[in-house]
Amino acid sequence: QVQLVESGGELVQAGGSLRLSCATSGLTFGRYNMGWFRQAPGKEREFVSGISWTGGDTYYADSVKGRFAISRDNALNTVYLQMNSLKPEDTAVYYCAADLYRSSSNTMTYWGKGTLVTVSS
């Protein structure tokens, strides 16, 4: 059974940093593209960042470029999202997702249950 478990979300002040982790099991992690998405209260889920299965290609939403960094450790079956210079508008539930072919689509195959990030002003 495939599982994606996010962690690292918490309350942080504006300007602070957090690192989210997504630990996976039940899939051949090194074959999967991975993505981070977020959903703020009252809004639709949106793409944040993606990384190819090799780690060689990364993608970011314009709203987080230069502040967030995605990475993966294929030996640990884990993908990370380093978030710096956090803003109140980054407040959301953050989800990771896995797919063999896509890294930025809301229709990726496997999803975690999310971790809450709250940025106070």
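Up top is the structure these notes are about.
For the structure given in this document, a descriptive report is provided here. (Residues numbered from 1 in each chain as written. Predicted model: local features only at pLDDT ≥ 70, side-chain atom pairs only at ≥ 80, totals over all residues. Heavy atoms only, no water.)

## Some thoughts on the packing of aromatic side chains
Inclusion rule: Side-chain rings of Phe, Tyr and Trp, where Trp is taken by its six-membered ring, are said to pair if the distance between their centres is within 6.5 Å; with planes under 30 degrees apart they count as stacked, over 60 as edge-to-face, and otherwise as tilted. Helical segments are the DSSP runs of H or I of at least four residues, strand segments are the runs of E of at least two, and each set is numbered from the N terminus.
Per the counting criterion, the structure on display carries three aromatic pairs. With centroids separated by 6.1 Å and ring planes inclined at 55°, the aromatic side chains of Y32 and Y110 adopt a geometry described as tilted. Of the two residues, Y32 sits in the loop between β3 (18–25) and β4 (33–39) while Y110 sits in strand β10 (residues 110–111), which places them 78 residues apart along the sequence. Summarising the aromatic geometry, the rings of F37 and F47 are spaced 5.7 Å apart at their centres and angled 70° between planes, so their arrangement reads as edge-to-face. Taken together, the positions of F37 in strand β4 and F47 in strand β5 (residues 46–51) put the pair ten residues apart, joining distant regions of the chain. An aromatic cluster is defined as three or more aromatic residues linked by ring pairs; in this entry it consists of F37, F47 and W111.

## A word on the sheet that holds strand β7 (residues 68–73)
The cut-off we apply is this: Here a strand pair is declared whenever DSSP counts at least two bridges between the two strands. For every element, the axis is a line fit to its C-alpha atoms; helices are fit only across the contacting stretch, and the angle between N-to-C directions ranges from 0 to 180 degrees.
On the basis of which strands lie adjacent, the open sheet formed by four strands has the order β1-β3-β8-β7 and antiparallel pairing. The open sheet has two edge strands with one neighbour each: β1 (3–7) and β7. Going across the sheet, the axis of each strand differs from the next one's by a mean of 15°, ignoring polarity. One ladder, built from six bridges, connects β7 with strand β8 (residues 78–83); its direction is antiparallel. Bridging across to β8, R72 finds its partner in V79.

## A closer look at the side chain of D90
What counts is decided by this rule: The cut-offs for exposure are 20% and 50% of the maximum accessible area for each residue type, with area from a 1.4 Å probe on protein chains only; residues under the lower value are buried, those over the upper are exposed, and the others partly exposed. What qualifies as a polar contact is a pair of N or O atoms within 3.5 Å, subject to a donor-acceptor requirement within protein and to the restriction that residues adjacent in sequence count only when both atoms come from side chains. Any two residues whose heavy atoms approach within 4.5 Å at even a single point are treated as in contact.
Structurally, the position occupied by D90 is in the loop between β8 and β9 (92–99). Classification of D90 as buried rests on a relative accessible area of 1%. A distance of 2.9 Å separates a polar atom in the side chain of D90 from a polar atom in the side chain of R38. Among the polar contacts made by the side chain of D90, one reaches the main-chain amide nitrogen of K87 at a distance of 2.8 Å. Sequence-distant contacts of D90, that is, excluding residues within four places in its chain, are made with R38, R67, F68, S85, V117 and V119.

## Re the state of the cysteines
Stated precisely, the cut-off is as follows: The rule for a disulfide is simple: a pair of cysteine sulfur atoms within 2.5 Å.
Taken as a whole and judged by the stated rule, the model has one disulfide. For C22, the disulfide goes to C96, at an S-S distance of 1.9 Å. Taking the torsion about the sulfur-sulfur bond, which here is approximately 40°, the covalent link between C22 and C96 counts as right-handed. Of this pair, C22 sits in strand β3 while C96 sits in strand β9, and the two are 74 residues apart along the sequence. Looking at C22, the relative accessible area reads 0%, which means it is buried.

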